[in-house]
Amino acid sequence: MNRDTQRDAQKRDSMHRWYQTVLVAILLILFILSATVVILAFVPITYPVLMSVLGNEIDSQSQTVHTQIISFFFWRGSLDILTANEVSHMRDVRILLWIDLALALFSLILLIFLFRTKRATWNRKTQRTAGFVLILAPLIAVLLPFDFLFTAMHVLLFPQGNWQFPADSVLI
């Protein structure tokens, strides 16, 4: 091999490793974020634990609503204590949660495939890239006001506007 061919091969290998590192970092972040949403939405114990950690007591109505919503997400039961608009919103949420679950599983399967077939390696560069994004994303979330993030997320995910409820809604 002459020098130009060797240099080209090294450049391709370097670029391949860079793409590989970015792909693994993105998949890892996607899995962690998606899995977190899945756990919060589908595991019944997370709501009481979260409320306890935040220092909030759960009244019987909140517990009933939470139990009905979890059942509804699994296509069991109804949301008979919610209004028609609230049920419409929860239908949209259920679809998004199942898409999120599929995304978590897809990213996990792809990560396992990449590592099992030796197409990806867990190296310092991958660790730094994933760590940087995992630190940057929550930092941005902390620096931006919650109301802004909440509204932006709902406008993006529910453009039809069925996410706004009166102050006395049981979902609030």
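Owing to the predicted nature of the structure, the values given are computational and were not obtained by experimental measurement. (Residues numbered from 1 in each chain as written. Predicted model: local features only at pLDDT ≥ 70, side-chain atom pairs only at ≥ 80, totals over all residues. Heavy atoms only, no water.)

Chemist: Looking at this model, I keep getting lost on the layout of surface pockets. Mind explaining?
Modeler: Unfilled space is identified by rolling a water-sized probe across the atoms. Quantified by volume, the largest pocket comes out at close to 2,200 Å³. Elements that contribute at least two residues to the lining of the largest pocket include exactly helix H1 (3-42), helix H2 (46-53), helix H3 (60-73), helix H4 (84-116), helix H5 (124-143) and helix H6 (146-157). (1 Å grid on protein atoms, 1.4 Å probe; cavity = no way out; pocket = protein on both sides within 12 Å on 5 of 7 lines; lining within 4 Å. Points joined across faces, edges and corners; volume = space filled by probe spheres on them. Helix = DSSP H or I, 4+ residues; strand = E, 2+ residues; numbered from the N terminus.)

Chemist: I keep staring at a positive patch on the surface and nothing clicks. Help me out?
Modeler: Positive charge collects at one region of the surface, where Arg17, Arg124, Lys125 and Arg128 lie side by side. Considering each element in turn, the positive patch owes the most residues, 3 residues, to H5. Positionally, Arg17 belongs in helix H1. (Patch = residues over 30% accessible without salt bridge, like charges linked within 9 Å, V, L, I, M, F, W, Y side chains within 5 Å. Areas by Shrake-Rupley, 256 points an atom, 1.4 Å probe, with all protein chains shown as cover. Salt bridge = Lys/Arg side-chain N within 4 Å of Asp/Glu carboxyl O. Lys, Arg positive; Asp, Glu negative; His and termini not counted. Charge placed at Lys NZ, Arg CZ, Asp CG, Glu CD.)

Chemist: I tried to follow the nonpolar core on my own but got confused; where do I start?
Modeler: The nonpolar side chains of a soluble globular protein tend to be buried, and buried together. Core analysis: the largest hydrophobic core is formed by 16 residues, its most contacted members being Phe42, Ile69, Phe73, Leu79, Met90, Val93 and Leu97. Of all elements in the fold, only H1, H3 and H4 reach the threshold of two or more residues within this core. With residues up to four places along the chain from it excluded, the contact list for Ile69 reads Leu79, Met90 and Leu171. (Core = buried A, V, L, I, M, F, W, Y, C linked by side-chain atoms within 4.5 Å. Buried < 20%, exposed > 50% of the residue type's maximum accessible area, 1.4 Å probe, protein only. Contact = heavy atoms within 4.5 Å.)

Chemist: Sorry if this is basic, but what is going on with the packing of aromatic side chains here?
Modeler: Ring pairs (aromatic) are described by centroid distance and by the angle formed between their planes. Counting across every chain of the model gives 6 aromatic pairs. With 5.3 Å between their ring centres and 40 degrees between their planes, Trp75 and Trp98 make a pair best called tilted. On the criterion of sequence distance, the pair formed by Trp75 in the loop between H3 and H4 and Trp98 in helix H4 is long-range, its members being 23 residues apart. These aromatic residues form a ring-pair network of at least three members: Phe42, Phe73, Phe74, Trp75 and Trp98. Arg94 extends its terminal NZ or CZ atom over the ring of Phe72, reaching a point 4.0 Å from the ring centre. (Phe/Tyr/Trp six-rings, centres within 6.5 Å; stacked < 30°, edge-to-face > 60°. Lys NZ or Arg CZ within 6 Å of the ring centre and 35° of its normal.)

Chemist: I'm lost on unusual backbone geometry in this one. Help?
Modeler: A negative phi angle characterises most non-glycine residues, just as the trans form characterises most peptide bonds. Positive phi outside glycine occurs at Trp75, with the angle close to 60 degrees. For Trp75, a relative accessible area of 54% corresponds to the exposed category.

Chemist: How should a nonpolar patch on the surface be read in this particular structure?
Modeler: On the surface, Phe132, Val133, Leu136, Leu139, Ile140, Val142, Leu143, Leu144 and Phe148 cluster together into a nonpolar patch covering about 850 Å² of accessible area. By residue number, the principal contributor to the nonpolar patch is H5, which donates 7 residues. Structurally, Leu136 is set in helix H5.

Chemist: Can you walk me through the side chain of Ser169 in this structure?
Modeler: Topologically, Ser169 is positioned in the segment after H6. You can call Ser169 buried: its relative accessible area is 7%.

Chemist: Explain the environment of Thr64 here, please?
Modeler: Its location among the elements puts Thr64 in helix H3. Placed 20 residues apart in sequence, Thr64 and Ala84 show a C-alpha to C-alpha distance of 17 Å.

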